[in-house]
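Single-letter residue listing:
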Amino acid sequence: MRTIELRSGEDTIRLGQLLKLVDAVPTGAQVKDVLLAGEVRVNGEPEERRGRQLHRGDVVSVAGQDDVRIG
């Protein structure tokens, strides 16, 4: 499992931003496709909202990739 640290002063990151940051999708336009295909889980639950706010301790799973924990 990989950990992504939030920037100083930030408490959250949007799911779409995280997916681009960890190279789970090559472009922002493809975020919606990956989410609608059911390939993304947050804390074990399927997630389709690209604007979902992620907090420290949340774990994001993307099919075919290592899990990512928000630190």
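Bear in mind the structure is a predicted one, so any value in this text is a computation, not a measurement.

What counts and how
What you see as residue numbers is a count from 1 along each chain, following the sequence as written. The model is predicted, so local features are restricted to residues of pLDDT at least 70 and side-chain atom pairs to those at 80 or more, both for listing and for counting; the totals for chains, interfaces and linings are taken over all residues. Neither water nor hydrogens contribute to the side-chain values; these are computed over all heavy atoms in the structure. By convention a nonpolar core is built from buried Ala, Val, Leu, Ile, Met, Phe, Trp, Tyr and Cys residues, the set being connected through side-chain atoms within 4.5 Å. The classification of residues rests on relative accessible area computed with a 1.4 Å probe and restricted to protein chains. Under 20% of the type maximum is buried, over 50% is exposed, and intermediate values are partly exposed. Numbering of helices and strands runs from the N terminus, with a helix taken as a DSSP run of H or I at least four residues long and a strand as a DSSP run of E at least two residues long. In this analysis, two residues are considered to be in contact whenever any of their non-hydrogen atoms come within 4.5 Å of each other. Using a 1 Å grid laid over the protein atoms alone, points where a 1.4 Å probe fits but cannot get out form a cavity; open sets with protein on both sides within 12 Å along at least 5 of 7 lines form a pocket; any residue with an atom within 4 Å of a point counts as lining. Grid points are joined across faces, edges and corners, and a volume is the space filled by probe spheres set on the points. Think of it as three bins: nonpolar holds Ala, Val, Leu, Ile, Met, Phe, Trp, Tyr, Cys and Pro, charged holds Asp, Glu, Lys and Arg, and polar takes everything else, Gly as well.

Peer 1: Residue-level account of the nonpolar core, with values.
Peer 2: Grouped together as the largest cluster of nonpolar side chains are 19 residues, with contacts concentrated most on L15, L18, L19, V40, L54 and V60. Those elements that provide at least two residues to this core are helix 1 (15-21), helix 2 (31-36), strand 3 (40-42), strand 6 (59-62) and strand 7 (68-70). With near-sequence residues (within four places) excluded, V40 lies in contact with L15, L19, V34, L35, E45, P46, E47, V60, S61 and V62.

Peer 1: Go over empty space enclosed by the protein with me, naming the residues and quoting the values.
Peer 2: Enumeration according to the criterion identifies one cavity of 30 Å³ or more in this entry. Within this model, the largest cavity holds a volume of roughly 30 Å³. In this structure, the largest cavity is lined by L18, L19, V22, V60, V62, Q65, D66 and V68. Elements represented by at least two residues in the lining of the largest cavity include exactly helix 1 and strand 6. When the residues that make up the lining of the largest cavity are grouped by side-chain class, the tally is six nonpolar, one polar and one charged.

Peer 1: So what's going on with the side chain of E47? Residues and values would help.
Peer 2: As for its position among the elements, E47 is in the loop between strand 4 (45-46) and strand 5 (53-55). Residue classification places E47 among the buried positions, given a relative accessible area of 6%. With residues near it in sequence (within four places) discarded, E47 still touches L15, L35, V40, R41, V42 and R52.

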